[in-house]
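The chain contents come next:
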Amino acid sequence: MEGDVRRNLHQVLDSLPEGVRLVAVSKYHPAESIAEAYDEGQRVFGESHVQELQAKHAALPADIEWHFIGHLQTNKVKYIVPYVAMIDAVDSMRLLREIDRQAAKCDRVVNVLLELHIAAEETKYGLTLDECRALLDAGEWRSLGHVRICGLMMMASFVDDMEQVRREMLTAADFFDEVKAKYFANDDTFCERSWGMSHDYRVACECRSTMVRIGTTIFGERVY
């Protein structure tokens, strides 16, 4: 509905504390809805399907910061690396290597977040805390000149129990502090704590999130 996106966007933005940025999750929503949010000043949008992102990137203004927020297969990296602003859900060294390889071809440095699996659901992707420690301890990431690790991302369990959600998010926040101190103490670009979606972003803001991914609250139910 014309106007709904505009109103919803401002309601969300007005509810975010200082220091928390909005990734407007536009997957499955038409370019017209993105344009409406763009006209209100929103520049950061999240997509999770490569073909859909390619079509929207071609159709919409060039200064949009596209975040790839879905599970990215290594064979699809080359299609988005030329223009994507951030890849939000890196869950393996193999994927990091491929992003680096493809970004080198474009002479770009691509920002990424490491995805943690803290939630109780088995269906979610991501590194366990020990797997993330092992990846960072191994140190290969330090030699990748075309990837910049900017922080951590996680999705809390999709449950009504907000205390469980809070526990999971605080686990991620404490782990961020550990990783920051041990591996990125002198790196100002390692600063992002990305958790919080439409149903739990208010809790996320209380759990030291710096970046929330909100779609349904802004754009309504998805158009498949």
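Higher on the page you've got the structure.
Residues numbered from 1 in each chain as written. Predicted model: local features only at pLDDT ≥ 70, side-chain atom pairs only at ≥ 80, totals over all residues. Heavy atoms only, no water.

Draft legend 1. Fine view of the pairing of strand S1 (residues 21-25). S1 sits mainly inside the fold: 4 of its 5 residues count as buried. In this structure, S1 lies alongside strand S8 (residues 211-214), joined through 4 bridges in parallel fashion. Across the sheet, Ala24 pairs through a bridge with Ile214, a residue of S8. By the bridge criterion, 2 bridges tie S1 to strand S2 (residues 44-47) in an arrangement that is parallel. Each residue of the ladder has a partner; that of Val25, found in S2, is Gly46. Crossover connection from S1 via helix H2 (residues 31-39) to parallel S2: handedness right-handed. (Buried < 20%, exposed > 50% of the residue type's maximum accessible area, 1.4 Å probe, protein only. Helix = DSSP H or I, 4+ residues; strand = E, 2+ residues; numbered from the N terminus. Pairing = 2+ DSSP bridges. Right-handed = clockwise from strand over helix to strand, strands pointing away.)

Draft legend 2. Structural view of the side chain of Ser194. Along the polypeptide, Ser194 turns up in strand S7 (residues 192-194). Residue class for Ser194 comes out buried when judged on its relative accessible area of 0%. A polar contact of 2.8 Å, which involves the side chain of Ser194, links it to the side chain of Arg213. Among residues more than four places away in sequence, those in contact with Ser194 are Leu113, Leu152, Met153, Met154, Ser209, Met211 and Arg213. (Polar contact = N/O pair within 3.5 Å; in protein donor to acceptor, adjacent residues only side chain to side chain. Contact = heavy atoms within 4.5 Å.)

Draft legend 3. Structural detail: the environment of Met197. By the secondary structure assignment, Met197 is in the loop between S7 and helix H8 (201-206). Considering only alpha carbons, one finds Met197 and Val23, 174 residues apart in sequence, at a separation of 9.6 Å.

Draft legend 4. Up close: the packing of aromatic side chains. Here the structure, examined in full by the defined rule, presents 4 aromatic pairs. Relative to Phe190, the ring of Phe176 has its centre 5.0 Å away and its plane inclined at 10°; by these criteria the two rings are stacked. Of the two residues, Phe176 sits in helix H7 (residues 162-183) while Phe190 sits in the loop between H7 and S7, which places them 14 residues apart along the sequence. Here the aromatic residues Trp141, Phe176, Phe184 and Phe190 are joined through ring pairs into a cluster of three or more. (Phe/Tyr/Trp six-rings, centres within 6.5 Å; stacked < 30°, edge-to-face > 60°.)

Draft legend 5. Geometry of unusual backbone geometry. Although it is not a glycine, Tyr28 adopts a positive phi angle of roughly 70°. Along the polypeptide, Tyr28 turns up in the loop between S1 and H2. Of the residues examined, Tyr28 reaches a relative accessible area of 24% and is grouped as partly exposed. Positive phi values are uncommon outside glycine, yet Arg208 reaches one of about 70°. For Arg208, the location among the structural elements is in the loop between H8 and S8. Residue classification places Arg208 among the partly exposed positions, given a relative accessible area of 32%.

Draft legend 6. Region of interest: the pattern of salt bridges. Using the criterion set out here, one finds 15 salt bridges in the structure. Here Arg97 makes a salt bridge to Glu140, at a shortest N to O gap of 2.6 Å. Separated by 43 residues along the polypeptide, Arg97 in helix H5 (residues 93-105) and Glu140 in the loop between helix H6 (129-138) and strand S6 (147-154) bring together distant segments of the chain. Several salt bridges share partner residues, and in doing so they unite Glu47, Glu52 and Lys56 into one network. (Salt bridge = Lys/Arg side-chain N within 4 Å of Asp/Glu carboxyl O.)

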